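Breakdown of the fold
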Amino acid sequence: MTGTYLGMPSFPRAADASTRDHRLRANLRRATHTIRAKRDRAVAELDDWVQLRAAGAAVKDRTLRHLDHYLVQLEESVTRAGGTVHWAADAAEANRIVTGLVLATGEREVVKVKSMATQETGLNGALAAAGIRAYETDLAELIVQLGDDLPSHILVPAIHRNRAEIRDIFRRRMAEWGLPAPEGLTDRPADLAEAARLHLREKFLRAKVAVSGANFAVAETGTLVVVESEGNGRMCLTLPETLISVVGIEKVVPTWRDLEIFLQLLPRSSTAERMNPYTSMWTGTTDGDGPRAFHLVLLDNGRTDTLADTTGRQALRCIRCSACLNVCPVYERAGGHAYGSPYPGPIGAVLTPQLRGLASPLEESLPYASSLCGACFEACPVAIDIPEVLVHLRERVVEGGTVTLRGTRTVIKPAKRHATERTVMRAAGWAFDHPRVLRRGQRLLARTRGLHPGRLPGPGRAWSDARDLPEVPPESFRDWWARTRGGSGRKGEPS
Ligand code: SF4
C-alpha cells in the first residue's frame, strides 16, 4: 500500500490480487461474521426497528430535498454560537482551507479524530506538503497510519490486520511517530490497547489544533455530533485550542428530534451497541470550556452532483454505519482496498462513482462489484436501495447519457469496453418488441439445439469459460402452452 488512493486499478484487477490473499480473507471473514451476528441480535431487541428505519430514511430524504435551506440554517446557527463556517466546493479547496487555518495558528502538528471526509480529500498529504504533521488518534486509524496503509472498512479501518500484525507494526513504527512501543509488547488486546493509549496520550496533551469529522450537524442549533467507542475523539474535541471540523454537506439533520432517530439507528447497526459509549456534541465555542476557536468546513466534492440524480441521491442518506459491508459476500472476499476509495463495500460501489463521476476504469467498474443479492439493502438502517442504484449506475456506464458533473449538466459517452454487452442488450430489446421475430427465433434455436456449441466464440468466450451455457428447451413456453393449455393436454381448452 502506498498511503494514497490515486491511481488504484479497476475493481476486478484489485480484487484478483486480494482474493488470493488467504490471510486477508480469513481476517475479514472472522471480523465481519462476528459483527454481523451481534448486529442481528441488537436490532432484534427493538420492536419498532422497521418504523425507525423508515423514519430515518424519510428524515434524510426530506433534508436532502431542502438541503439548501438547512445548510444556510446550519451556517447561521454555527456563526451565532461563535464558530466560523467555510464552504469547500472540492477536495483541493477543503485542503487549502484547513492548511491555511492550521498555519495561521503557528502550529505544525494536529491531532485527528477519525474523519472520512478528510480521507476523501487526502488532507494528511496536503498537510504534510505544507510541513504539518497529522496524527491519527482513532486506534484503527493509528494502526493504518503507522503501517503506511489505507483504511479498508468504514468502522474498523484496520479490519484486514490481525493482532500479530498490529503488534509488529507498533514495535516497528511507533518510535518514528512519538513514544515507542513498550519493551516486549505482546499481541494481547489489552497490551496493544495500552501501548496505543500511552502513545496517544502524549499527543493529546501536546496538541494545540485538532481536525475532526462529524456524524451529524444539527441545523437548528449548529451542534456537531461525533459518536465513538474509545474516547479518543472526545480528547481531540475538548483539549486543543483550535478545532477544525470537515463535514460533508449531507451530514446535516434539521432538529434534535430528528437526531434522536439516528442515535438509535447508528450504534445498533454499526457496533451492535444500544448506544455509543461516547457521544460528543459541541456548539460553537464557550468561554473557559473547550477549544477557543471553532471552524466548520462544509464539503461538497461531488455531493451536489449526486443530489441531482433522483435515483442515485439516496446514497447521500448513508450514516456510515458499515452494516452493508459486513453482510456483503463481495466485500468479504475482495476486501476494502479493492474499492479504491475511503468508502468500500456496497455503499462505496454506489457513492464513489457518483462523487467522483465515472472518471476512470475504477469508477466504471465499481457498479459491477456486486452480486445484487440485496443483503446490503436489508441491512441498511436508512433503507438505501443499493441494488437499485447499482443497476442504475450500470445503465449509465453502458449507455452514457446526461449527468451533472461539477454542477454542470453534461452528456457522458457510453463506456467503450461494454460495446458487446450494449449490442446484445439492444438486439434483445428489439427482439422482445417484435413477438413474431422472437417466436421464429425461438423455434429455430429449438430445432438446431443439437448443433449448439458448449462455449461461446469470440468476446463471449471469457463469459462461457466460467459458466455452463443454458440449455435451449425443445419448445418454447409459448408453444408448449398453445399445445397443452398449461398441461391439460387439450389444445384450446382451459385446464
Ligand atoms: S449504506 Fe446503509 S448500511 Fe451501508 S454504511 Fe451507509 S447507512 Fe450503513
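Before reading on, note that the structure itself is shown above.
Now for a description of the structure that goes with this document. Within every chain, residues take consecutive numbers counted from 1 along the sequence as written. pLDDT decides what is reported in this predicted model: residues at 70 or higher carry local features, side-chain atom pairs at 80 or more are listed and counted, and totals for whole chains, interfaces and linings draw on all residues regardless. Computation of side-chain values covers all heavy atoms of the structure but excludes hydrogens and water.

**Digging into the packing of helix 9 (residues 163–177) against helix 10 (residues 189–206)**
Put simply, the rule reads: The axes used here are C-alpha line fits, helices contributing only the stretch in contact, and every angle between their N-to-C directions lies in the interval 0 to 180 degrees. Each helix is a run of H or I in the DSSP string that is no shorter than four residues. Each strand is a run of E no shorter than two, and both are numbered from the N terminus. Each angle gets one of four labels, with under 35 degrees taken as roughly parallel, over 145 as roughly antiparallel, 65 to 115 as roughly perpendicular, and the rest as oblique. Put simply, a crossing is left-handed when the front helix is turned counterclockwise from the back one by less than a right angle, and right-handed when it is turned clockwise. Contact between two residues is taken to exist if any of their heavy atoms lie within 4.5 Å; hydrogens are not considered. Think of it as three bins: nonpolar holds Ala, Val, Leu, Ile, Met, Phe, Trp, Tyr, Cys and Pro, charged holds Asp, Glu, Lys and Arg, and polar takes everything else, Gly as well.
Direction vectors running N to C along helix 9 and helix 10 enclose 25°, while the axes themselves pass 11 Å from each other. The angle between helix 9 and helix 10 places the two elements in the roughly parallel class. Seen along the crossing, helix 9 lies across helix 10 with a hand that is left-handed. For the pair helix 9 and helix 10, the contacting residues are Arg-163, Ile-166, Arg-167, Phe-170, Met-174 and Trp-177 in the first and Pro-189, Leu-192, Ala-195, Ala-196, His-199 and Lys-203 in the second. Counted by class, the contact of helix 9 with helix 10 contains 8 nonpolar, 1 polar and 3 charged residues.

**Brief notes about the sheet that holds strand 2 (residues 109–112)**
Note the following rule: In this description, strands pair whenever DSSP reports at least two bridges between them.
The strand order across the open sheet built from 6 strands is 1-10-7-4-2-3, with neighbouring strands paired in parallel fashion. A strand with exactly one partner marks an edge of an open sheet, and here the two such strands are strand 1 (84–88) and strand 3 (133–136). Averaged over neighbouring strand pairs, the angle between their axes works out to 25° when direction is ignored. Pairing of strand 1 with strand 10 (residues 293–299) involves 5 bridges; the strand directions are parallel. Looking across to strand 10, one finds that Trp-87 is bridged to Leu-298.

**Observations concerning unusual backbone geometry**
Trans is the prevailing form of peptide bonds, just as negative phi is the prevailing case for residues other than glycine. Despite not being glycine, Ala-272 shows a phi value in the positive range, around 60°. Inspection of the secondary structure assignment puts Ala-272 in the loop between helix 12 (256–270) and strand 9 (278–283). A positive phi angle, close to 80°, is found at Ser-322, a residue other than glycine. Within the secondary structure, Ser-322 sits in the loop between helix 13 (303–307) and helix 14 (323–326).

**As for the pairing of strand 7 (residues 242–248)**
What counts here: Only protein chains enter the calculation, and the probe is 1.4 Å; a residue is then buried if its accessible area is under 20% of its type maximum, exposed if over 50%, and partly exposed in between.
Counted residue by residue, strand 7 has 7 buried out of 7 residues, so it is predominantly covered. Here strand 7 shows a buried face lined by Thr-242, Ile-244, Val-246 and Gly-248 and a second buried face lined by Leu-243, Ser-245 and Val-247. Both strand 4 (residues 209–212) and strand 7 contribute to a ladder of 4 bridges, which runs parallel. Bridging across to strand 7, Val-209 finds its partner in Thr-242. Pairing analysis gives 7 bridges linking strand 7 to strand 10, with the strands arranged parallel. Within strand 10, the position partnered with Ile-244 by the bridge is His-295.

**Examining the packing of aromatic side chains**
Just so we agree on the cut-off: Pairs were defined over the aromatic rings of Phe, Tyr and Trp, the Trp ring being its six-membered one, requiring ring centres within 6.5 Å. Orientation was assigned from the angle between planes: stacked under 30 degrees, edge-to-face over 60, tilted for the rest.
This structure, assessed with the given rule, holds 8 aromatic pairs. With a centroid separation of 6.3 Å and an interplanar angle of 35°, the aromatic rings of Tyr-331 and Tyr-339 are classed as tilted. An aromatic cluster of at least three residues, connected via ring pairs, comprises Phe-11, Tyr-331 and Tyr-339.

**Things to note about the site of the ligand**
To be explicit about the condition: When at least one non-hydrogen atom of a residue lies within 4 Å of a molecule or strand, that residue is treated as near it.
Close to the ligand lie 13 residues; Cys-318, Cys-321, Ser-322, Cys-324 and Cys-380 are nearest. In terms of residue class, the shell around the ligand is made up of 11 nonpolar, 1 polar and 1 charged.

**Focus on the sheet that holds strand 9**
Strand order in the open sheet made by the 4 strands is 8-5-6-9, with mixed pairing throughout. Among the strands making up the open sheet, the edge pair consists of strand 8 (252–253) and strand 9. Here strand 5 (residues 216–218) runs beside strand 6 (residues 223–228); their pairing, made up of 3 bridges, is antiparallel. Each residue of the ladder has a partner; that of Val-218, found in strand 6, is Thr-223. In the packing of helix 12 onto the sheet, the strands contacted are strand 5, strand 6, strand 8 and strand 9, and the crossing angle to strand 5 comes to about 165°.

**Side note on the side chain of Ser-476**
For the record, the criterion: Any N or O atom pair separated by 3.5 Å or less is treated as a polar contact, with the protein-specific requirement of one donor-capable and one acceptor-capable atom, and with residues adjacent in sequence counted only for side-chain atom pairs.
One can find Ser-476 in the loop between helix 22 (461–465) and helix 23 (477–484). Ser-476 sits in the buried class, given a relative accessible area of 11%. A polar atom in the side chain of Ser-476 sits 3.1 Å from the backbone nitrogen of Asp-479.

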